[in-house]
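# Notes for the structure review
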Amino acid sequence: MAVTEPAPAVLAEPHAPPTPTAAPNEAGETPGIPQEGARREETGEGSGGGEGSEGGAGARSAPSGRTVRGTGYESILRRQSLRESAARTYARSLPIVPVRARGLTIEGADGRRYLDCLSGAGTLALGHNHPVVLEAIKKVLDSGAPLHVLDLATPVKDAFTSELFATLPGELADDARVQFCGPAGTDAVEAALKLVRTATGRDGLLAFTGAYHGMTAGALAASGGAPDVRVTRLPYPHAYRCPFGTGGERGAELSARWTESLLDDPKSGVATPAGMIVEAVQGEGGVIPAPDDWMRRMRRITADRAIPLVVDEVQTGVGRTGAFWAVEHSGVVPDVMVLSKAIGGSLPLAVVVYRSSLDAWEPGAHAGTFRGNQLAMAAGTATLAYVRENKLAERAGTLGARILGQLQGLAAAHPCVGDVRGRGLMIGIELVDPDAAGPEDTAPPAAPALALAVQQECLARGLIVELGGRHSAVVRLLPPLTLTDEQATAVLDRFADALAAAERARVPRPSPSRRAPAPVPAPGPSH
């Protein structure tokens, strides 16, 4: 069985012409997209419509009897903008309409091809429509097996749990229970928090600055952007933007000492919590790997105080970081692992795996309708097995280290690249404003506008990337684990071109000695 897929034909193509570099506005118009084509589709002009065609080829009948005109990608984007909520995220910065995909490559309705380094926010471990995933899904469909069975036992579920347990750290797998949750990672986080609170009889929680655990209420409360303080915040070690101003081993040591002080000081105001939740690599926080020694220290701190350690492996799991599970880099065995994204092989699936000693739930204490997704379990089994059998985690570690080295070389020629970091094929490039004055001995200020420009320039060159970090100034690369050397080169070439183009487009900042005085504000109402 081949370890990687052949590079798609797109790699042999020259850089495609520019594509839209901004999301549709609320009027439904996308800057950079010619609106004339949309007008022709909406009116039927030039569509080949004739007598009896009712508006031409660009029209179709709606269930209500109304005619919906325009099936081109501009029309689809316009309707999305008009119909969907203001909470849209990816659709704003990536105005494309995918219609076909394979491996690393997406083809849009506009006929253009893109190299996808977003991978469904890390969901697609094997890329789009991998043959083993499609075959697993087809096998279930052809078998006549029920697709919706709540939490009943099925051969498909049994195969999934067996494969999953075969990949877990041995100490956990030997004494584990699994709870199938709702379809998303945030549902599994909610289940994990509920689990440790039930098992310990305590309510508090330890979480870290910069964390991201999902969008439901409980998961948001444990994430870095929560507006309240019901969850105790601990400093996450950060070599580039260390909260203590030291970085490196010293910064990680201070973070650990702060944690111990809060837990052991009877006047800290922090009671013994129900659990600690941590990411071994912060993803949305800006691709920040936790030092291995620090992770081991967190394990000792929690174990010594009978505090369950919950590790969120939703984005880092299934080989993404160069180990099958990111905790394996440090040798840590947590009490609870939260798993989703790649474990479903591109389909919705989320589980919590935990030590049997925590299994204090009564029957029905945690449930949900869509816990028995047979297609997702089949796709997940195929994905887990393929990654394990073909050593794709090891491949991700090797290729990721090579990509990091090349990006660090690129950074030496671009002062706007403040830091390059990551683990395996989970990579972040933090963009900064090197001309802006900041506090002494600190990193330059983040440059979110430049990061957005780089993302748009990448899209114009047929490369899809994501932004993250505290100020959305980190360009994130999450390619599939099947990435070939040739594809990696194409990704880096397009990123380098995009970075250079975004830099050229920036308006140079005046030097401090020539900076114009700040304008005097107009008088306004007094307080």
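The preceding data block contains the structure.
Definitions and limits used
- Residues numbered from 1 in each chain as written.
- Predicted model: local features only at pLDDT ≥ 70, side-chain atom pairs only at ≥ 80, totals over all residues.
- Heavy atoms only, no water.
- Helix = DSSP H or I, 4+ residues; strand = E, 2+ residues; numbered from the N terminus.
- Buried < 20%, exposed > 50% of the residue type's maximum accessible area, 1.4 Å probe, protein only.
- Pairing = 2+ DSSP bridges.
- Axes fitted to C-alpha atoms, helices over the stretch in contact; angles between N-to-C directions.
- Phe/Tyr/Trp six-rings, centres within 6.5 Å; stacked < 30°, edge-to-face > 60°.
- Lys NZ or Arg CZ within 6 Å of the ring centre and 35° of its normal.
- Core = buried A, V, L, I, M, F, W, Y, C linked by side-chain atoms within 4.5 Å.
- Contact = heavy atoms within 4.5 Å.

## A short note on the environment of Gly424
- Considering the arrangement of structural elements, one finds Gly424 in the loop between β15 (417-423) and β16 (426-431).
- Residue Gly424 is classed as buried on the basis of its relative accessible area, which comes to 7%.
- For the pair Gly424 and Thr398, spaced 26 residues apart in sequence, the C-alpha separation works out to 7.2 Å.

## Some words on the sheet that holds β15
- Overall, antiparallel pairing links the 4 strands, which are arranged β15-β16-β19-β18 in an open sheet. Both outer strands of the open sheet, β15 and β18 (466-468), are each paired with one neighbouring strand and no more. Along the sheet, successive strands turn relative to each other by an average axial angle of 25°, direction set aside.
- Note: β16 against strand β19 (residues 474-477), 4 bridges, orientation antiparallel. When the sheet's bridge partners are listed, Glu430 is paired in β19 with Val474.

## Some thoughts on the packing of aromatic side chains
- Under the defined criterion, the tally for this structure stands at 6 aromatic pairs.
- Ring centres 6.1 Å apart and planes at 80° place the aromatic pair Phe208 and Tyr236 in the edge-to-face group. You can see Phe208 sitting in strand β7 (residues 205-208) and its partner Tyr236 sitting in the loop between β8 (232-234) and α10 (248-264), a full 28 residues away along the chain. For the pair Phe208 and Tyr236, one class covers both residues: buried.
- Between Tyr236 and Trp294, the ring centres sit 5.4 Å apart and the planes meet at 65°, which makes this aromatic pair edge-to-face. Residue Tyr236 is found in the loop between β8 and α10, and its partner Trp294 is found in helix α11 (residues 292-304); the two are separated by 58 residues along the sequence.
- Over the ring of Phe180 we find Lys157; its NZ or CZ atom is 4.9 Å from the centre of that ring.

## Quick look at the nonpolar core
- Trp294, Trp325, Leu407, Ile429 and Phe495 are the most contacted members of the largest nonpolar core, which has 96 residues in total.
- It is helix α12 (residues 374-389) that contributes the most residues to this core, 9 residues altogether.
- Each residue touching Trp325, except ones within four places of it in the same chain, is listed here: Leu164, Thr167, Leu168, Pro169, Glu313, Gly317, Val318, Met337, Leu339 and Ile343.
- In this structure, Ala274, Val336, Tyr354 and Trp361 belong to the second largest nonpolar core, which totals 25 residues.

## Focus: the sheet that holds strand β4 (residues 105-108)
- Pairing within the open sheet is mixed, and its 4 strands lie in the order β3-β4-β5-β17. At either end of the open sheet lies a strand with only one pairing partner, and these are β3 (98-102) and β17 (463-464).
- Summarising the sheet, strand β5 (residues 113-116) and β17 pair through 2 bridges and their orientation is parallel. Bridge pairing in β17 places Asp116 opposite Ile464.

In short, geometric facts, not functional conclusions.
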